[in-house]
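Fold and contact review
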Amino acid sequence: MFSLTPAANGLPAQLRLQGDLTLYEVSMAREQLLGLLPLPPGPWQLDLAGLNELDSAGAQLLLAIQRALSSIDHPATVSQVSEPVRELLTLLNLESLYPAIPTEA
């Protein structure tokens, strides 16, 4: 579900999310994320290109992740977003939290 890429060569550390992040996976995802703590100071990028499905429970976890990463040092940015995730973020009017998010190439 989560994979970390440490910061290197001036690039921010990256947290990649893959698979589904729905009500059914949020508890497991939260436990996995807690296992990665403590996270090093930022800057951080979230890569959401690998997320296939997202619902409101998953969106709440994304908001918590963004808030936690932003509280470490720098605001977390988003590097890529899959189309299903973009659609839900737009529907929930959350795209303003992730400005200028490129879609998966």
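Residues numbered from 1 in each chain as written. Predicted model: local features only at pLDDT ≥ 70, side-chain atom pairs only at ≥ 80, totals over all residues. Heavy atoms only, no water.

**Remarks on unusual backbone geometry**
Generally, phi is negative for residues other than glycine and the peptide bonds are trans, each holding for most cases. The condition that has to hold: Runs of E in the DSSP output that reach at least two residues are strands. Runs of H or I that reach at least four are helices, and both are numbered from the N terminus.
A positive phi angle, near 50°, is found at Asn 9, a position not held by glycine. Secondary-structure assignment places Asn 9 in the loop between strand S1 (2-5) and strand S2 (13-21). Located in the positive-phi region is Asn 93, a residue other than glycine, with phi close to 60°. On the secondary structure map, Asn 93 appears in the segment after helix H3 (83-91).

**With respect to the layout of surface pockets**
The cut-off we apply is this: Both cavities and pockets are sets of points on a 1 Å grid over the protein atoms alone; in a cavity a 1.4 Å probe fits but cannot get out, in a pocket the set is open with protein on both sides within 12 Å along at least five of seven lines, and lining residues sit with an atom within 4 Å of a point. Grid points are joined across faces, edges and corners, and a volume is the space filled by probe spheres set on the points. Just so you know the grouping, Ala, Val, Leu, Ile, Met, Phe, Trp, Tyr, Cys and Pro go in nonpolar, Asp, Glu, Lys and Arg go in charged, and all remaining residues, Gly too, go in polar.
When its volume is computed, the largest pocket comes out at roughly 170 Å³. Residue contributions to the lining of the largest pocket peak at six residues, all from helix H2 (residues 56-72). Considering only residue class, the lining of the largest pocket consists of ten nonpolar, no polar and one charged.

**Here's the deal with the confidence of the model for the protein chain**
Low pLDDT means the predicted coordinates in that region are not meant to be read closely. In plain terms, the rule: Per residue, pLDDT captures the predictor's confidence, and it can take any value from 0 to 100.
Summary statistics for the protein chain give a mean pLDDT of 83 and a share of 89% for residues scoring 70 or more. Within the protein chain, S1 has the poorest average pLDDT of any element, 83, and S2 the best, 91.

**Some points on the nonpolar core**
Under the convention used in this document: Among buried residues, those of type Ala, Val, Leu, Ile, Met, Phe, Trp, Tyr and Cys that are joined through side-chain atoms within 4.5 Å constitute a nonpolar core. Type-normalised accessible area, obtained with a 1.4 Å probe on protein chains alone, sets the label of each residue: buried when under 20%, exposed when over 50%, and partly exposed for intermediate values.
One finds Leu 15, Leu 17, Leu 21, Leu 46, Leu 48, Ile 65 and Leu 69 to be the most contacted residues of the largest nonpolar core, which totals 27 residues. Examining the composition of this core, we find that six residues originate from one element, H2, more than from any other.

**Points about H3**
Put simply, the test is: To be clear, the arc concerns the directions from the helix axis to the C-beta atoms. Note on contacts: a residue pair is in contact if any heavy atoms of the two residues lie within 4.5 Å.
The set of residues buried in H3 consists of Val 85, Leu 88 and Leu 89. Along the long axis of H3, the arc covered by the buried residues comes to 100°, so they all point the same way. Opposite the buried face of H3, at more than 90 degrees from it, the exposed residues are Glu 87 and Leu 91. For H3, the secondary structure elements touched by its buried residues are strand S3 (44-54), H2 and strand S4 (77-81). Following H3 by one or two positions, Asn 93 has its phi on the positive side, about 60°.

**Points about the sheet that holds S4**
To keep it simple, the criterion reads: At least two DSSP bridges between two strands are required for those strands to pair. Every axis corresponds to a line fitted to the C-alpha atoms, with the helix fit spanning only the stretch in contact, and the corresponding angles, defined between N-to-C directions, vary from 0 to 180 degrees.
Pairing is mixed in the open sheet, where four strands are placed in the order S1-S2-S3-S4. Each edge of the open sheet carries a strand with a single partner, namely S1 and S4. The average angle at which neighbouring strand axes cross in this sheet is 20°, direction not considered. In this structure, S2 lies alongside S3, joined through eight bridges in parallel fashion. When the bridges of S3 are listed, Leu 15 appears paired with Leu 46. Its contacts with the sheet place H2 against S1, S2 and S3, and it is angled at close to 175° to S3.

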